[in-house]
Amino acid sequence: DPQQIELTTASKRKLRRFIVIDEVVDKLYGSKVREYFEENNVQHKILALPTTEETKSMDLVLNILHEVQNFSLDRRTEPIIAIGGGVCLDIVGLAASLYRRRTPYIRVPTTLLSYVDASVGAKNGVNFLQCKNKLGGYTPPVASFLDRSFIQSIPRRHISNGLGEILKMALMKHRGLFDLLKNHGKYLLDTKFQSCNGFADHGDAALQTTRIAIETMLEELAPNLWEDDLDRLVDFGHLISPELEMRVLPSLMHGEAVNVDMAFMTYVAHARGLLAAEEKEQILQCMRGLELPVWHSGCSWALIQRALRERLKHSGGQLRMPLPTGLGVAEIFNDTSEDTLERAYELWVRD
């Protein structure tokens with residue numbers, strides 16, 4: 001914005017920015033980030049931290065806040081910048097929301113999962129008492145800056161991990177997105193979501209896939225940003241996975257745990273007569289093509305029962321279970337019997 005640039009350059013006060021960056025991202029891109037701020041004459045503090053599910057705690061939030069206080073940040077004009085994966089964005093979002101009641105912050109996602117998931121919406125949080133995101137709030141960022149070039153440096157497994165959340169939106173809301181994943185999954189993994197011609201061409205599978213995933217996510221989240229309505233299609237894959245992910249850390253990444261949950265729920269949908277056998281197989285085949293796990297030994301029947309009891313506690317006494325009723329269409333159900341769940345589990349384990 002030329003007007004903003006003029007105002008900024010006319011101001012006598014030097015621009016200042018506080019940046020939290022994941023330590024792995026810092027090793028890869030830290031020199032470029034520093035060079036950017038130096039070239040633009042911005043006084044800056046860069047805090048590189050280990051941001052993983054194991055370190056996602058209030059201790060790390062307080063560590064950030066100590067550094068923010070030392071930097072003497074102006075909460076009205078100096079947004080905190082978070083550069084990293086979903087865990088980093090969650091932690092920094094919570095820290096910003098707590099500092100002087102609310103300090104603006106900017107999300108710069110560097111993984112595919114955070115690009116299509118954590119970058120969208122208002123939630124932030126940390127793990128507490130071995131429960132995923134037990135402490136947190138709803139404070140949207142002032143902006144999310146999306147740059148797919150970050151994704152080229154992450155391992156193939158991390159690409160697959162992000163595809164789990166994209167597949168969630170495909171199964172719930174968009175048959176065209178499902179077909180894109182089914183037909184181009186291997187290509188997207190091989191090219192790491194980089195446009196093969198170097199341009200953001202609308203015919204590009206990577207651009208189409210990420211754009212549709214984000215748009216469908218926004219369609220679901222925007223009217224219900226504070227989760228006043230607990231019937232949420234975006235909860236597909238998130239009924240059992242929080243319990244599973246924390247129980248087996250670090251053997252499953254978030255998107256992988258979500259996919260194990262979705263695979264089981266696909267069997268539940270089939271057991272209820274919502275999905276034909278052919279549709280069930282198409283979904284499982286797509287998951288395998290995206291190199292996602294469709295089963296995990298840690299996902300026992302006892303764990304499923306425990307996770308669903310937790311679900312009842314926090315969703316107004318109803319399961320509110322999103323299930324696919326076809327490819328790219330879904331509904332929310334409250335009447336899935338334990339017999340149906342157990343039958344689906346036995347078929348899932350057998351297969």
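Predicted model, so just to flag it, every value in this text is computed and none were measured. (Residues numbered from 1 in each chain as written. Predicted model: local features only at pLDDT ≥ 70, side-chain atom pairs only at ≥ 80, totals over all residues. Heavy atoms only, no water.)

### Description of the overall build of the chain
- Tallying secondary structure elements over the chain gives 13 helices and nine strands in all.
- Within the chain, the proportion of its 351 residues that are buried is 52%.
- Here the chain displays about 16400 Å² of accessible surface, and carbon together with sulfur accounts for 51% of that area. (Helix = DSSP H or I, 4+ residues; strand = E, 2+ residues; numbered from the N terminus. Buried < 20%, exposed > 50% of the residue type's maximum accessible area, 1.4 Å probe, protein only. Areas by Shrake-Rupley, 256 points an atom, 1.4 Å probe, with all protein chains shown as cover.)

### Here's the deal with the UniProt feature "domain: 3-dehydroquinate synthase N-terminal" (unreviewed entry) in the chain
- This chain's UniProt record puts "domain: 3-dehydroquinate synthase N-terminal" (unreviewed entry) on residues 48–160.
- Taken end to end, residues 48–160 comprises 35% helix and 25% strand; its first and last C-alpha atoms sit 26 Å apart. (UniProt positions renumbered as here; feature names shortened; annotations may be inferred.)

### Considerations on the pairing of strand β3 (residues 80–84)
- The element β3 is extensively covered by neighbouring structure, given that five of its five residues are classed as buried.
- Residues of β3 alternate between two faces, with I80, A82 and G84 on one and I81 and I83 on the opposite face, all of them buried.
- By the bridge criterion, four bridges tie strand β1 (residues 16–22) to β3 in an arrangement that is parallel. Each bridged residue has a counterpart across the sheet, and for I19 the counterpart in β3 is I81.
- As defined by bridge partners, β3 adjoins strand β4 (residues 105–109) across five bridges and the pair is classed as parallel. Bridge assignment links A82 to a residue of β4, and that residue is R107. (Pairing = 2+ DSSP bridges.)

### Considerations on the side chain of D26
- If you trace the backbone, D26 turns up in helix α2 (residues 23–39).
- Note on D26: relative accessible area 17%, which makes it buried.

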